[in-house]
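One-letter residues, chain by chain:
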Amino acid sequence: MLKTKAFVRKTKRGAVVKVVKEHYLRDDIYCGVPSCRTCLSAQQHHHHAPQAAVLTSPRTTTKFTSPHFIVPDTNVLYHQIDVMEHAAFTDVIVLQTVLEELKHRSTPVYQRVRQLIADPARRFYVFCNEHNRDCYVERAVEESPNDRNDRAIRTAVAWYNVHLKDCIPAAATVLVTDDAENRRKAVAEKLPVYSVKEYVSSMADHPELIDMVATVNEENIDEEEKFAYPEHLANSQISAGLKSGAFFQGKLSISANNFLEGSVFAEVDKEEKTVMVVGREHLNRAIHGDIVALQFLPRSEWKVPVGVILEEEQMEKDEDGAVDDVAAKHAMDVDGVAAAAAAPEKVPTAKVVGIIKRNWRPFCGTIEKASVKSTGGMSSQQSVFFWAMDKKIPKIRIRTRQAEDLVGRRIIVAIDGWAKNSRYPTGHFVRTLGDVGDRATETEVVLLEHDVPFAPFSPQVLSHLPVEGEDWIVRDDLHLAGRTDFRHLDVCSIDPPGCTDIDDALHCRPLPNGNLEVGVHIADVSHFVRPDNAMDMEARRRGTTVYLVNKRIDMLPSLLGTNLCSLRSNVDRLAFSCIWEMKRDATVVSVNYTKSVIRSKASLTYDEAQARLDDTTANDPVTTGIKLLNALAKKLRAQRMEAGALTLASPEVRFKLEEDQQDPVDVELKELKDTNALVEEFMLLANIWVAKKVYQHFPESSILRRHPQPPPSNFEALQKAVAELGISIDASTSRALADSLDKAIVPTDPYINKLIRILTTRCMMQAVYFCSGTLSEPDFWHYGLATPIYTHFTSPIRRYSDLVVHRLLAVAIGYEKGYVSELVDKVKLKELSDVLNYRHRQAQQASRSSVELFTNLFFKDKTLQEEAYVIRVMKNGFSVLIPKFGIEGYVYAEAAPTPLNTKASTTTTTTAIQPSSPFTYDADQNRLVARAAAAAAAGTTNGKEEEEEQVEIKLFSKCTVIVCVEEAGGAARRSKLVVRLVEPWVHGVSVRLEDLVRAQKEQEKEAGEGGKVVKKPKRK
Amino acid sequence: MSRVEIITPEGLRVDGRRPLELRRVLTRTGVLSQADGSAYIEQGNTKCLAAVYGPREPVKRAGVLHDRANINVEYNVASFSSGERKQKLRRDRRLLEISSMIKQTFETVIITTTFPRSEIDIYLQILQIDGGAVHAAINVATLALIDAGIPMTDYVCACSAGFVNDQPLLDLNYLEESADVPTLTVALLPKSGKITMLGLESRLHVDKLEPVITLAADGCMQMKDTLDEAIRTSTRKLAKTVLN
C-alpha cells in the first residue's frame, strides 16, 4: 500500500519558516481507463475495490481521428474554462499538478473545474500524478516551479501513453497547452501536443467553440492605435506607493447614471470620504467592482459631481469620445455656475494608477446591432461590440462567427483582457441564454446578474433528505424525546394566499389565573438540516430564498420547504416554540422556549383570518385565539410605537399573473390588513425574545440583526424639500422621526404623507446581520424597530440566518448537547454574516429587477397617462413616482430627439449633444425652471392658454405623465419604461397622448414600408 | 469550511496518504548506552527519543513510596524541533500536563509493586515535531521500558485520529492538526483492548466520537504490531549475542 520511501519537500512559506512535509508516493493510483488490465491486476493485488472508471470512451475529432484523451495544462483550464465547460469536451484527464496550480491562481475557476469533475456525464478524471510513483518529478537545481510543473505534466502524459499501449491500441493522450515553450519541449519528447485553437478548430461539429476561445496575451491590433491608456503600475510599485501614502486603494463603484463617472470610498485626511474618478482616461480600464490603486489629482482639477444621466443612445455615439465631452461639458457648466453662485463644494478627485484585483465576471447582455457587418454566410469571424445589461460595464469587444445569429439574443460574455491601446476590453462569447424579451430568458438574466445560485439541488444535497421522503411522519418513539407535545393546542397559521412554505404558526389561550398563554411556533428546520452536511453547505451558499414575480428560488429542497418543515394544517409537524405568559395588557410575565410537536388546526390566508376576526358570532377555538391575539397585537404595536418604532412605506406592487402564460394582467398595490399586522407583531416579539436569550448564552457568538441610525446628512435634502411645504422632519431619534412623520400632512393631498414616508425609507441605512462579539452592545440597536436587540428566528425555511439562530437557541435551552465548534466561532460567524448580508441584498435587488421586468411586460403595447409626483430633481431631468403602479421613471428635461427612439440611434446623425433644454437648473433650490415665454408660445399655438408665468419642477410637484415601454433591440439593451411629461406643459419636452399614439402608428407604417427615417411628432 | 483541503475528493490527504493509513514508522531500541533502556521512534516526521533509568534509588526522599516504585516522567520538546523559532518557557504548563498524562498512563501497566521504595525515570525528548508528538512519545516510552527490562502487564500503544468532512482520519500530521481538525489521542492496552488515555483537542460532535475512537483504537493495534516486531527483532539480536 504505502511506499516506504518517503520524500521530503522543502518549501518556503513566508520568508523564514521552513516547512518540511512528507510526500508519499503510491503505486495504487490508477489511470481511470476501465479496460486497463495493468491497473485491474494492481487493484486486485492491493485488494482494492475497482476504482471508478471514468474515462470510458476515448474521444475523436473530425481531424484527429485516432482515439485519444486530452490533458489540458493549468493555463488552458484557467483562461479557457468556458470552452472546457462546453459539453463537447468529455474524457479529459485533469492532473493533480494542474489542479493545485489552479487552486492557487483562482478559487472560482478551481471550483468550476471541480464541478466538471463531479459531473459523471462529462468524464473528467483526476489523475493524482504527484503521488504516483512513476510520475513524480523532483525539482531540478535552478529549475523554476513553473518549469518543474510543466515537466511533471509532460511526464504524466508520457506515462499515460506508455501505460495505455497495452489496453487500447493506438490510443494516445494529447497534451493541450497554449505555452509555446512547453509545446516545443513536448514535441522534442515526441508527445502529441496541440494548442487550444488548433484542437478546437479540429472539432468541426462545434463551430461555436472557436468563438469561446479566449484571446490571451495577443496584443490587439486596434484600428484606434493612436489611442492609449496610461500604463498600469506594477504590483511592487503599487504596494510601495500604498505604503508611502502616495496612493490609496479602494473598490471602484461606477455611477449607475454615467458609466464614465466612478467613485471610491476611501480615507481622506483621516475622514471617510467619497473620492471621484471621472473620465475614461482617469478610470484607466478599471471596471465596476475592481479594487484599484488611486492617486489624487491636484486640487485644481477636482470636480463637482455632474448629476446628469447619460443615456445609452449617447453612449452609442461615443466612438470619437463624445461622451467624455458631454460629461466634461456638464462638469464645466456646473463649474461655470459655481463661479457665479456660491461655489458648491468640490469633491476629491483621483485617477486610477493600477488595478489590485479585477472584478471580471461573466456578463449578460446583447450584441450591438450596429457593430455587426452583414456577411451573407457565417463563415468569417468578425469583431462586434457587446453591451452588458449592467449599465456600469463598458461595452466589450468580442470576436465571433455567429454575429448575425446573436443579434437580438441575450448572451453571456466574459472579459479576457484590456490592452492599453484598446478603447474597450476584449472578451469572448460564452453561451446564449435565449431571445431578448423572452420571459424565461429575462428571468434567468435577472438571476445571473444578481449572482443568485439557482441550479437544481445536486444529488449530494438531496441525499440528506429523510429517506422516507413524502411519507415522513412524526414518530412518538423517535421525535418526542426532549420535545413538548403541543398537538392538543389550537394552533393556526396565517399567510399570504398561495403560500406553501409555512414558517410560523400561532396560538393563544386563556390561563386559569386570568393571564393569556401565547405561542409562536416556528418550523423546526434545524432538525432536518444538520450542520456541515452538503445540504447545510448549499443552504449557506444560497443564504436566502429568492422571490421573483413568477418564480421562487428555494434555499432548501422543496420536500423540506413546502412539505416536511412547512407547518401545514392537520398533520403533525416538528416545531420550535416560544411560549409566553402575558397579562391582558400585553406585558410578558414569563417566557419559555422549547422544541415541540404541533398539529396546526387551520392554515388561513390573511383574508380568511380577517373574515374570522370580523365575524362576531364565530367562537370556535381557532377564531377565539385569533381574536385574543389581535387584541394583544394592537397593544404590542402601541407599545412599540410608544418606544419610537417607525412606520415606513414602500410602493410595493403585486402582479396578477395569467395562469398559464404568466403574463401580468393587472397590477395592484399591496395593502395591509389587521391580520398582517397581527402576524408581524408576534414575529417581532419572538425575534426580540429569542435574541435576548441567545445573546445571554452566547455573548460572543450570536447572530443578531441591527439597523444603524442613519447619519443626519442623509436627511438634509429631504428636509430642505419638505420645508417648503411647511413640514419639518426631525431625524435625531427614531421616536422624533416617527412623530414628525405622523405630523407631515398636507391637507390638500393625503398622498404626500405616504410619499414622504417612501422618501424617508430611502434615507435609511440597511439593516444587517452581525456577530455579537464584533460590536459593542449600544451598536446592537435596531433603529427602525426601536429595540435594543433583534435577530431573525421566524423564517428558517427561507433564511439561513434563522437556521443558525435556531441552532444556537437549541444549545442555549439545553436541547442540543453537542455542537460543532463553527457554531460559536466568532470569526466564522462574522464571515457568515457578511455572506448572508450580501445574499440578502442580492435577493432584494433580484426581486426588484423581476418586478421591473414584469412592469415592462405589463406596459407592453400600452400607453397610459397617469398622475405622478416628482421625487428627485437632477440637472437634465427629474424622477417621478407614479402612485397607481408604484413605479418610478426618469423624465429628461432635454427635448428628446425622437418620440420613440427604438430605431433612432441607428439613423440619426451624430448630434451627440441634444437640443438645448427649455429648462434651466436652479442648483440653489434644486429645481428646474422653464422659461415662461416658451411655455406661453407653446400654449398659444396649442390654442390653450397657459396661466402661469413659468413652469417650475421641484420635489413633490404633481404632474401628469405618459408611460410606455421602449422595446429592446437597436440601441436599448433592455426594454425599458419611458416616461414623458404631459402636464405642466413645457414646449419641447411635453407630449400629448394623441401625438404619441399617432407617431407610433406612423412608425409602424413606415417600418412596414421599409422606410428608415423616423420623424418627430411635429406639433402643428 | 477550512481553507486547506484536508482530503481531496480523490480521497488523498495532503501528504498522499489515504484517510485510514498510518504514517511510516521507524523504530530502534538501545540507542543510548548510558541509560538502562532507550528507544527512538520516527512516525512520519515526528521523531522522539526515550531514555529509561531504574528501578533505582530515589533522588529525593519525598518521592519514596513504601509499597511500590515511583514513576517520573519528563517530557520535553526540543527548541529545534519545529521550523518556527520559539522563545522557550522555563516550565511550560502544557509540557507538565502531558508529562503527568503519560505518567498516569504507565502507572497502570508497570508492575510497580515489585520495586517498593524505588524510582523509575522516563525521559522523553521530542526531536522533531510534525503532529502526533504525544502518541509518538507514549509508543517510544513503551519500547524503552521494555528495553530496560521493566516488568509490564502489556504494551501501551497510542495513536491519534481526527474527523473531517464526514470522514475519520488516522494519525494526523502537523498540517492536519493545525487546520482545526478535532484531534483525538488514544492510548490502549492491546491485550485487553482497554483504553488508558483519551485526549481530545477542539470540539467534536458527540455522534462522531465513537467512530473516531474506534479508528484510533484500530491505529493503536497496528502500532502494536510494529512495536512488537521491533522488540522481537532486538531480542533476537540480543539472544544471538548471548548465545554466541
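Because the structure is predicted, anything quoted here is derived from the model rather than measured.

About the thresholds
Residues numbered from 1 in each chain as written. Chains lettered and ligands numbered in written order. Predicted model: local features only at pLDDT ≥ 70, side-chain atom pairs only at ≥ 80, totals over all residues. Heavy atoms only, no water. Helix = DSSP H or I, 4+ residues; strand = E, 2+ residues; numbered from the N terminus. Buried < 20%, exposed > 50% of the residue type's maximum accessible area, 1.4 Å probe, protein only. Areas by Shrake-Rupley, 256 points an atom, 1.4 Å probe, with all protein chains shown as cover. Core = buried A, V, L, I, M, F, W, Y, C linked by side-chain atoms within 4.5 Å. Contact = heavy atoms within 4.5 Å. Pairing = 2+ DSSP bridges. Axes fitted to C-alpha atoms, helices over the stretch in contact; angles between N-to-C directions. 1 Å grid on protein atoms, 1.4 Å probe; cavity = no way out; pocket = protein on both sides within 12 Å on 5 of 7 lines; lining within 4 Å. Points joined across faces, edges and corners; volume = space filled by probe spheres on them. Nonpolar A, V, L, I, M, F, W, Y, C, P; charged D, E, K, R; others polar. Domains from an automatic or database assignment.

Asks: Explanation requested: the overall build of chain A in the structure shown.
Replies: Each helix and strand counted, chain A has 30 helices and 37 strands in total. Per-residue burial for chain A yields a buried fraction of 53% across its 1020 residues. For chain A, the accessible surface area stands at approximately 45900 Å², while carbon and sulfur atoms represent 52% of it.

Asks: Looking at this structure, I do not really get the nonpolar core. What am I missing?
Replies: It is characteristic of soluble globular proteins that their nonpolar side chains tend to be buried jointly. All names here are of chain A. Within the largest apolar cluster, 82 residues are counted, with the highest numbers of intra-cluster contacts made by Val 520, Trp 580, Leu 678 and Phe 682. Discounting chain neighbours no more than four positions away, the residues touching Leu 678 are Ile 494, Leu 506, Ile 626, Leu 629, Asn 630 and Ala 633. Counting residues in hydrophobic clusters, the runner-up holds 78 residues, among them Leu 77, Met 84, Tyr 199 and Ile 367.

Asks: Explanation requested: the sheet that holds strand E14 (residues 382-388) of chain A in the structure shown.
Replies: Strand pairing in a sheet relies on backbone hydrogen bonds. The paired strands run either parallel or antiparallel. Residue and element names in this part refer to chain A. Strand order around the closed barrel formed by five strands is E13-E14-E15-E17-E16, with mixed pairing between neighbours. Here the strands of the sheet are splayed against their neighbours by 50 degrees on average, with no regard to which way each runs. Pairing of strand E13 (residues 363-367) with strand E16 (residues 409-417), which is carried by three bridges, proceeds in the antiparallel orientation. Within E16, the residue paired with Gly 365 across the bridge is Ile 411. Contacts between helix H15 (residues 439-449) and the sheet are confined to E13, E16 and strand E17 (426-435), with E17 contributing the most and set at about 135 degrees to the helix.

Asks: Can you help me understand unusual backbone geometry in this one?
Replies: For residues other than glycine, phi is negative in most cases, and the peptide bonds are mostly trans. The omega torsion across Gly 54 of chain B and Pro 55 of chain B is 0 degrees, close enough to zero to call that bond cis. With respect to the element layout, Pro 55 of chain B can be found in strand E3 (residues 46-56). Even without a glycine there, the phi angle at Asn 284 of chain A is positive, about 45 degrees. Overall, Asn 284 of chain A belongs to the buried group, its relative accessible area being 1%.

Asks: Where do I start with empty space enclosed by the protein in this structure?
Replies: Take a probe with the size of a water molecule and roll it over the atoms, and the empty space left behind shows itself. All names here are of chain A. Across all of its chains, the model carries six cavities of 30 Å³ or more by this definition. Within this model, the largest cavity holds a volume of roughly 100 Å³. Lining the largest cavity are 13 residues, with Phe 259, Leu 283, Ala 286, Pro 394 and Trp 418 positioned closest to its centre. Classifying every residue of the lining of the largest cavity by side-chain character gives nine nonpolar, one polar and three charged. Counting contributing residues per domain, the lining of the largest cavity is built from domain 2 (235-357) and domain 3 (365-372 + 380-435), each supplying no fewer than three.

Asks: Before we go on, may I ask you to explain the sheet that holds strand E6 (residues 157-164) of chain B in this structure?
Replies: Residue and element names in this part refer to chain B. Read from one edge to the other, the open sheet built from four strands follows the order E7-E6-E8-E9, with strand pairing classed as antiparallel. Strands with a single pairing partner mark the edges of an open sheet, and in this sheet they are strand E7 (167-170) and strand E9 (194-201). Within this sheet the neighbouring strands show an average axis-to-axis angle of 25 degrees, counted without direction.

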